[in-house]
Amino acid sequence: MKAFGIERFGTAPFLSDRAMPEPGKGEVRLRIATCGLNFADLLMVEGKYQERPDPPLTLGMEPTGWIDTLGPGVDGPPPGTRVAVYANCGGLAEYGCFPAARCIPLPEAMSFEDAAAFQITYGTSHVALDHKARLQPGETLLVLGAAGGVGLTAVEIGKRMGARVIACARGADKLAAAKAAGADHLIDSEADDLRDAIRALGGADVVYDPIGGDQFESAFRATKPDGRILVIGFASGKVPPIPANHLLVKNISVLGLYWGGYLKFRPEVLTDSLSTLFGWYAEGGLRPHVSHIFPLEKAGEALATLRDRKSTGKVVVRVAEAE
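Residues numbered from 1 in each chain as written. Predicted model: local features only at pLDDT ≥ 70, side-chain atom pairs only at ≥ 80, totals over all residues. Heavy atoms only, no water.

## A few points about the packing of helix H1 (residues 39–46) against helix H11 (residues 299–307)
- Viewed as axis vectors pointing N to C, H1 and H11 meet at an angle of 110°, and their least axial separation amounts to 9 Å. Relative to H11, the element H1 lies roughly perpendicular. Here Phe39, Asp41 and Leu42 of H1 come into contact with H11, specifically with Leu303, Leu306 and Arg307. (Axes fitted to C-alpha atoms, helices over the stretch in contact; angles between N-to-C directions. Helix = DSSP H or I, 4+ residues; strand = E, 2+ residues; numbered from the N terminus. Parallel < 35°, antiparallel > 145°, perpendicular 65-115°, else oblique. Contact = heavy atoms within 4.5 Å.)

Right, dumping it as structure tokens:
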């Protein structure tokens, strides 16, 4: 089979022929249809992600497809079932083996492209805003990186939860995408003084930050007393310092959120959240934004598009056509 991965950390990933995998105890083999890309895939290449499976490894954390074979001790889902999987790696290949417990049957109306754009982005934003920050109707939510994979979903979910949403993104095209997702106010991160622009809109009750760096500092200074700041990631490449004395004086809470980490200690947080989200999708309330779809043969170009911030929403790799 064809697979896209790395031989060792810090080297360029490439497409190669690999042996067909066989599912182990508690696993299923998936015939992969699509795989969503994430900023974490770029970190995985460099060996800088929170979890580091030993190379050589196949990249891809968010595969979808058809159950092909059940491993020992597995009684379902039955072969042929359309599922999405949250995987640490292995999704950028024609086949992959994954824990059966992580396979989520897809709603009948959900395409594989939508499914590949769904779990991590919507899951991260929903758990962050609902479970961690307890976002309330009428509060002001500031979303940094608002046109990115998780950023757009934070805008969409925040608006659905009744918040007033301020979206911060770079350039007119990305701000237009945030506006279409439901943002009430737009701030261009290139053209505006971010702190002053947020303060001019009354400040933020909740900050959703997948960027870090200087944007975190500006947003921190424009957060209202008793506000909550969600640390989602560091797409800027800079981990910001947090002045603890300012947290004390302004009664601000800084909340870290690593979505996949809940699998280890409270998996029901993720399963309950995804159940809610799939319900919203079935009602027509959520619509994933996929700006680029690449074939497996161009997975390197797909990663470059993500790395160079040329996408809005999600980048998806299509491995096989839907039947």
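## Section: the sheet that holds strand E10 (residues 164–169)
- Pairing within the open sheet is parallel, and its 6 strands lie in the order E11-E10-E9-E12-E13-E14. Looking at the sheet topology across the chains shown, the edges are occupied by strand E11 (185–188) and strand E14 (253–256). On average, adjacent strands in this sheet sit at an angle of 20° to one another, irrespective of strand direction.
- Sheet analysis places strand E13 (residues 223–231) next to E14, joined by 4 bridges and oriented parallel. Across the sheet, the residue bridging to Leu230 is Leu255, located in E14.
- Contacting strand E9 (140–143), strand E12 (204–209), E13 and E14, helix H3 (residues 119–132) crosses the sheet at an angle of about 150° to E12. (Pairing = 2+ DSSP bridges.)

## Some thoughts on the packing of H3 against helix H4 (residues 149–160)
- The geometry of H3 relative to H4 is characterised by a closest axis approach of 8 Å and an angle of 50° between their N-to-C directions. As judged from the angle between their axes, H3 and H4 are oblique. The interaxial crossing formed by H3 with H4 has right-handed handedness. Within the contact between the two elements, H3 uses Thr121, Tyr122, Thr124, Ser125, His126 and Leu129 and H4 uses Gly149, Val150, Thr153, Ala154, Glu156, Ile157 and Gly158.
- Partitioning the contact of H3 with H4 into residue classes produces 5 nonpolar, 7 polar and 1 charged. (Left-handed = near helix turned anticlockwise from the far one by under 90°. Nonpolar A, V, L, I, M, F, W, Y, C, P; charged D, E, K, R; others polar.)

## Details of the environment of Pro21
- Mapping Pro21 onto the fold places it in the loop between strand E2 (14–17) and strand E3 (27–36).
- Placed 20 residues apart in sequence, Pro21 and Met1 show a C-alpha to C-alpha distance of 9.1 Å.
- Excluding anything up to four places from it in sequence, Pro21 contacts Met1, Arg29, Tyr95, Gly96 and Cys97.

## Examining the pairing of E11
- Alignment of E10 against E11, held across 4 bridges, turns out to be parallel. Paired with Ile166 across the bridge in E11 is His185.
- Assessed by its sense of winding, the connection that carries the chain from E10 through helix H5 (residues 172–180) to E11 is right-handed. (Right-handed = clockwise from strand over helix to strand, strands pointing away.)

## Observations concerning helix H7 (residues 213–221)
- Buried within H7 we find Gly213, Phe216, Ala219 and Phe220. What you see down the axis of H7 is that its buried residues fit within an arc of 105°, all on one side.
- Against the buried residues of H7 lie E9, helix H6 (194–200), E12, E13 and helix H8 (244–250). (Buried < 20%, exposed > 50% of the residue type's maximum accessible area, 1.4 Å probe, protein only. Arc of directions from axis to C-beta.)

## Looking at the pattern of salt bridges
- On inspection of all chains with the given rule, the structure shows 13 salt bridges.
- Of the charged contacts in the structure, one is a salt bridge between Glu22 and Arg29, with a shortest N-O distance of 3.3 Å.
- Ionic pairing is found between Arg221 and Glu217, a salt bridge with its closest N-O pair at 3.6 Å. With Arg221 and Glu217 both in helix H7 and 4 residues apart, the pair spans about one turn of that helix.
- Judged by relative accessible area, Arg221 falls into the partly exposed class, the value being 37%.
- Classification of Glu217 by relative accessible area gives partly exposed; the value is 42%.
- Shared partners join several salt bridges into a network, and the residues in it are Glu22, Arg29 and Asp68. (Salt bridge = Lys/Arg side-chain N within 4 Å of Asp/Glu carboxyl O.)

## Describing the nonpolar core
- If you look at the biggest cluster of nonpolar residues, it comprises 82 residues, and the most contacted ones within it are Leu129, Leu141, Tyr208 and Leu230.
- The element best represented in this core is helix H10 (residues 267–282), accounting for 7 residues.
- Not counting the four nearest positions on each side in its chain, Leu129 is found in contact with Arg134, Leu135, Leu141, Ala154, Ile157, Gly158, Met161, Val206, Tyr208 and Leu230.
- Grouped together as the second largest cluster of nonpolar side chains are 18 residues, Ile166, Leu194, Ala204 and Ala219 included. (Core = buried A, V, L, I, M, F, W, Y, C linked by side-chain atoms within 4.5 Å.)

## Let's talk about H10
- For H10, spanning 16 residues, the distance from its first C-alpha to its last is 23 Å, which sits close to the expected 22 Å at 1.5 Å a residue.
- Where H10 is concerned, the buried positions are Val269, Leu270, Ser273, Leu274, Leu277, Phe278, Trp280 and Tyr281. Summarising the axial view, the buried residues of H10 lie within an arc of 155°, below the 170-degree limit, and thus occupy one face. Turned more than 90 degrees away from the buried face of H10, the exposed residues are Asp272, Ser275 and Ala282.
- Buried residues in H10 make contact with strand E8 (103–105), helix H2 (112–116), H3, H4 and helix H9 (262–265).
- Just past H10, the residue Gly284 takes up positive phi, approximately 85°. (Expected span 1.5 Å × (residues − 1).)

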